[in-house]
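Remarks on the overall topology
If you want the building blocks of each chain, they are given just below.
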Amino acid sequence: MRGRPAAAVAVTDMARMSNGTNKRALAPFILVIAILGSGQAAFASVLPEDRTDFLYHRYEGGGVTIDGPSVLIRKSVGKSVSLAANYYVDMVSSASIDVITTASPYKEERTQYSLSGNYLRGNTTVAAGFTSSEESDFDAKTYNLSVSQDMFGQLTTLTLSYAFGDDTVRRSDDPSFFRDNIRQQYGIGVTQILTRNMIAALNFEVITDEGFLNNPYRSVRFIDPGSPVGYSFEPELYPRTRTTNAIGLRTKYYLPYRAVLEGQYRYFIDTWDIESHTGSIAYLHPWKDFVFSAKYRYHTQTGAHFFRDVFSRSEATNFRGRDKELSALSSQTFKFTAAYEFLPDGWGFIDKGTVNFSLDHLIVDYEDFRDISTGAAFGSEPFYQLKANVFQLFFSFWY
Amino acid sequence: MKTQRISRLLLTLVALAAISGCSGIEPWVKPYERDRLADPIMFLDMDPVSSAYIYHVYEAREGARGGEGTAGGGCGCN
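All values reported here derive from a predicted model rather than from experimental measurement.

Glancing now at the overall build of chain A. Assigned secondary structure in chain A consists of two helices and 18 strands. For chain A, buried positions account for 47% of its 399 residues. Once local pairs closer than 6 in sequence are excluded, the contacts in chain A between residues at least 24 apart make up 62%.

Below is the structure:
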């Protein structure tokens with residue numbers, strides 16, 4: 001149920017996590033999901049472990065609650081093939097800053113299925129997958145293919161990947177509204193064993209979009225002397241293409257005792273003039289049958305060239321957006337996880353199991369997006385700040 | 001354009017990597033020295049379902065995407 005009046009020009013904040021608009025957000029997620037679980041070890045000339053995960057996820061923040069399950073089942077067939085299936089659901093209840101200022105709170109659900117397979121031959125692994133995501137006003141289908149090659153005595157693994165996505169955007173209040181978006185992703189990655197205590201991964205990823213990229217419900221605001229509050233709203237209008245480039249480096253270092261230090265950095269730049277730096281540091285510490293970890297992550301970005309909190313007049317520029325994620329912003333995340341291993345000696349066909357809990361506390365400071373829900377006078381509204389908690393509880397079984 | 005310069009640099013690096021692949025580099029970490037690397041806490045992606053979800057959250061709340069997850073490499077998960 002959407003609960004949106006036909007006239008409502010909703011800015012589906014949640015959407016980034018589930019609504020059709022959020023192709024920008026959803027697409028890379030689908031790419032990852034499509035081949036997730038296809039291997040964890042530093043030595044790629046083996047198939048991924050046979051494993052099943054039951055995860056419950058819950059996001060709470062900014063008036064938005066999103067929760068649901070994710071189930072991943074992976075099983076090898078013979079010695080050369082591994083198959084995986086994933087089922088994922090987002091149940092959304094949104095009364096975000098965008099929704100409460102321009103539309104009505106709503107609820108909806110997104111369901112995603114994916115199937116993938118890995119084929120191992122010698123030092124080469126080929127992976128292919130398909131993912132389908134459906135909700136009331138947005139469908140996405142993604143096909144992906146990747147090839148990994150081990151070399152230099154399995155110290156180095158080179159991976160090339162490609163994915164093709166076909167999205168369909170609709171409007172819940174207009175049955176005749178129908179738009180397409182084609183998305184392609186190209187990736188190259190190198191994982192390198194540096195020493196007996198250290199491993200690093202360098203990844204470069206290009207994603208191109210062509211089609212309808214904005215949210216069909218979201219609006220921008222502009223100065224309107226005829227309005228009692230001093231401004232009015234009109235639909236946003238994005239460019240029809242976007243190309244993003246991201247390069248990321250990740251390292252893990254095994255300390256002199258049994259614990260791990262992890263560092264990560266990403267540089268991002270795109271054709272919408274968003275440029276960002278993201279870094280994180282984490283520490284993992286096993287203790288008896290537990291593994292604890294703590295992580296701090298920082299992200300900062302510039303805004304898109306067509307983003308304005310308020311435009312000087314109606315249709316002031318060729319392209320217009322007021323999606324707060326396109327604003328200049330900085331975000332911080334504090335993460336804590338705990339995992340407990342049970343059934344260490346196995347039970348029946350199960351070799352071992354773990355139960356895991358994680359909490360991410362996310363703080364986002366928007367540097368060019370004002371909170372107009374405060375009732376402050378036009379032009380003096382405070383910049384918006386988002387605080388959110390992300391909970392995950394999951395059980396994993398190896399067999 | 002900045003993005004074009006980055007693309008050229010990466011293509012050069014890939015070409016160098018391809019050339020070096022013919023030079024017969026000896027592995028400097030022997031298989032019997034990889035016990036720590038084989039410890040599950042050293043896996044680049046210990047819990048794929050969980051990490052895929054949390055990167056989805058980041059991509060939803062920020063303007064950047066890609067390059068941060070477990071893409072490519074020996075991890076093999078995108």
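Another point: the overall build of chain B. Secondary structure summary: chain B contains two helices and zero strands in total. Evaluated residue by residue, chain B yields a buried proportion of 49% over its 78 residues.

What follows concerns the pairing of strand E16 (residues 329–342) of chain A. Each regular strand carries side chains that alternate between the two faces of the sheet. Residue and element names in this part refer to chain A. Here strand E15 (residues 290–301) pairs with E16 via twelve bridges, running antiparallel. Paired with Gln 301 across the bridge in E16 is Leu 329. Of the strand pairs in this sheet, E16 and strand E17 (residues 352–370) are connected by 14 bridges, and their pairing is antiparallel. Paired with Tyr 340 across the two strands is Val 355, which belongs to E17.

All names here are of chain A. Averaged over chain A, the pLDDT score is 88; the fraction of residues at 70 or greater is 89%. The element-level mean pLDDT for chain A is lowest in helix H1 (residues 23–34), coming to 50, with E15 highest at 98. Throughout residues 1–24 the model reports pLDDT below 50, and contacts reaching past four residues in sequence, or to other chains, amount to 97 contacts. Counting contacts from residues 33–42, a segment whose pLDDT is below 50, to residues more than four positions away or on other chains yields 62 contacts.

This paragraph deals with the nonpolar core. Residues Val 49, Ile 54 and Val 57 of chain B are the most contacted members of the largest nonpolar core, which totals 25 residues. Breaking this core down by element, the ones donating at least two residues are strand E1 (51–61), strand E2 (64–77), strand E3 (81–94), E17 and strand E18 (383–398) of chain A together with helix H2 (48–61) of chain B. Counting residues per element, this core draws most heavily on H2 of chain B, at eight residues. With 17 residues, the next largest nonpolar core counts Leu 155, Leu 202, Val 260 and Ala 339 of chain A among its residues.

Position of Ile 274 of chain A relative to the elements: it lies in the loop between strand E13 (260–270) and strand E14 (275–287). C-alpha separation for the pair Ile 274 of chain A and Leu 158 of chain A, spaced 116 residues apart in sequence, amounts to 28 Å. In contact with Ile 274 of chain A, other than residues within four places in its own chain, are Gln 301, Thr 302, Gly 303, Ala 304 and Leu 326 of chain A together with Gly 63 and Ala 64 of chain B.

Turning our attention to H2 of chain B. Each α-helix winds once per 3.6 residues, and so residues spaced three or four apart point in a common direction. Taking 1.5 Å as the rise per residue, H2 of chain B with 14 residues should run 20 Å; its terminal C-alpha atoms sit 20 Å apart, in good agreement. H2 of chain B sits mainly inside the fold: 13 of its 14 residues count as buried.

Moving on, we get to unusual backbone geometry. All names here are of chain A. Although it is not a glycine, Phe 152 adopts a positive phi angle of roughly 55 degrees. Looking at the secondary structure, you find Phe 152 in the loop between strand E6 (138–151) and strand E7 (156–171). On the neighbour-count criterion, Phe 152 (17 C-beta atoms within 10 Å) is partly exposed. Located in the positive-phi region is Leu 343, a residue other than glycine, with phi close to 50 degrees. Looking at where Leu 343 falls in the secondary structure, it is placed in the loop between E16 and E17. Taking the C-beta count within 10 Å as the criterion, Leu 343 has 14 such neighbours and is therefore assigned partly exposed.

Turning to the environment of Asp 53 of chain A, a few remarks are in order. By the secondary structure assignment, Asp 53 of chain A is in strand E1. Classification of Asp 53 of chain A as buried rests on a count of 22 C-beta atoms within 10 Å. Considering only alpha carbons, one finds Asp 53 of chain A and Val 71 of chain A, 18 residues apart in sequence, at a separation of 5.6 Å. Sequence-distant contacts of Asp 53 of chain A, defined by excluding residues within four places in its chain, comprise Val 71, Leu 72, Phe 394 and Ser 396 of chain A together with Val 49 of chain B.

All names here are of chain B. When pLDDT is averaged along chain B, the result is 73, and 56% of the positions lie at 70 or above. Note that pLDDT drops below 50 for residues 70–78; the model gives that stretch 57 contacts with residues more than four away or on any other chain. This complex was scored by the predictor with a pTM of 0.85 and an ipTM of 0.87.

Before going further, it helps to examine the environment of Thr 159 of chain A. Residues and elements named next belong to chain A. Its location among the elements puts Thr 159 in strand E7. In this structure Thr 159 comes out as buried when scored by C-beta crowding, with 26 C-beta atoms within 10 Å. The spacing of Thr 159 and Pro 228 is 69 residues in sequence and 58 Å in space, taken between C-alpha atoms.

The rules behind the values
- Residues numbered from 1 in each chain as written.
- Chains lettered and ligands numbered in written order.
- Predicted model: local features only at pLDDT ≥ 70, side-chain atom pairs only at ≥ 80, totals over all residues.
- Helix = DSSP H or I, 4+ residues; strand = E, 2+ residues; numbered from the N terminus.
- Buried ≥ 20, exposed ≤ 12 C-beta atoms within 10 Å, placed from the backbone.
- Contact = placed C-beta atoms within 7 Å.
- Pairing = 2+ DSSP bridges.
- pLDDT = per-residue confidence, 0-100.
- Core = buried A, V, L, I, M, F, W, Y, C linked by C-beta atoms within 7 Å.
- Expected span 1.5 Å × (residues − 1).

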